[in-house]
Amino acid sequence: MELLPLVCLCLLSCSGDAVKVLVKEGSDAVLPCLISTKEDITGQVFDWKKDESRKEKKEVFIYDAGNHYNNGHTGQDDQFKGRVSFFEDQLQRGNASIKITRTKMADSGNYSCDFPGFELGQPSIIELVVDPVLKDRTNENIPGES
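A brief look at the structure comes next.

Time to look at the sheet that holds strand S7 (residues 98–100). Within the open sheet, the 3 strands sit side by side as S2-S7-S6. Their pairing is antiparallel. A strand with exactly one partner marks an edge of an open sheet, and here the two such strands are strand S2 (29–31) and strand S6 (84–86). Geometrically, the sheet is characterised by an average inter-axis angle of 25 degrees between neighbouring strands, direction not taken into account. Two elements, S6 and S7, share 3 bridges in a ladder whose sense is antiparallel. In the sheet register, Val84 faces S7, and the bridge partner there is Ile100.

Right under this line is the structure:
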């Protein structure tokens, strides 16, 4: 049942319009990014970033012809370490989607998926909205809160 919305999101993700992904806090979120030509991207580079402000972006995930944050590539923001994976078996179909596990309120925001080696125009923009679960948040660092 969850596959149909994911397929719809993937089809929309490279149109240049923002796609919204809504998940419950603590669940996993799949952020879609698919090259419309379905070209094999196993030897390419794709880069996921989270917009923090106009000038600041957090490094979420980078794939560089087999090298990535889960196998020794450095530079990933601490917020995402150990929680982001990709669908290796889908790279041959042009699928650069990622999964963020155990989502937190701080994960909410705009994400971009970029292919520096391709002329695709602007990066795909995904808005992740993490729906809060009622709990004590005294020790959490939530953006925008004092």
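Structure shown, so let's carry the discussion forward.
Of the two faces of strand S1 (residues 19–24), the one lined by Val19, Val21 and Val23 is fully buried and the one lined by Lys20, Leu22 and Lys24 carries no buried residue. With 6 bridges connecting them, S1 and strand S9 (residues 124–131) associate as parallel partners. Bridge pairing links Lys20 to Glu127 in S9.

Here we come to unusual backbone geometry. Backbone geometry at Ala65 places phi at a positive 50 degrees, although glycine is not the residue there. With respect to the helices, strands and loops of the structure, Ala65 is situated in the loop between strand S4 (57–64) and strand S5 (67–68).

Attention now goes to the pattern of salt bridges. Inspection of every chain in the model, using the stated rule, returns 7 salt bridges. Here Asp78 ties to Lys81 by a salt bridge, and the two come within 3.0 Å at their closest N and O atoms. Take Lys81: its relative accessible area is 48%, and that puts it in the partly exposed class. Via salt bridges that share partners, Asp47, Lys49 and Glu59 belong to a single interconnected network.

Tallied over the full model, the rule gives 7 aromatic pairs. On the numbers, 5.4 Å between centres and 40 degrees between planes, the contact of Phe61 with Phe86 is tilted. Of this pair, Phe61 sits in strand S4 while Phe86 sits in strand S6, and the two are 25 residues apart along the sequence. Classification of Phe61 as buried rests on a relative accessible area of 0%. Aromatic ring contacts, followed pair by pair, group Phe46, Phe61, Tyr63, Tyr69, Phe86 and Phe115 into a single cluster.

Definitions and limits used
Residues numbered from 1 in each chain as written. Predicted model: local features only at pLDDT ≥ 70, side-chain atom pairs only at ≥ 80, totals over all residues. Heavy atoms only, no water. Pairing = 2+ DSSP bridges. Helix = DSSP H or I, 4+ residues; strand = E, 2+ residues; numbered from the N terminus. Axes fitted to C-alpha atoms, helices over the stretch in contact; angles between N-to-C directions. Buried < 20%, exposed > 50% of the residue type's maximum accessible area, 1.4 Å probe, protein only. Salt bridge = Lys/Arg side-chain N within 4 Å of Asp/Glu carboxyl O. Phe/Tyr/Trp six-rings, centres within 6.5 Å; stacked < 30°, edge-to-face > 60°.

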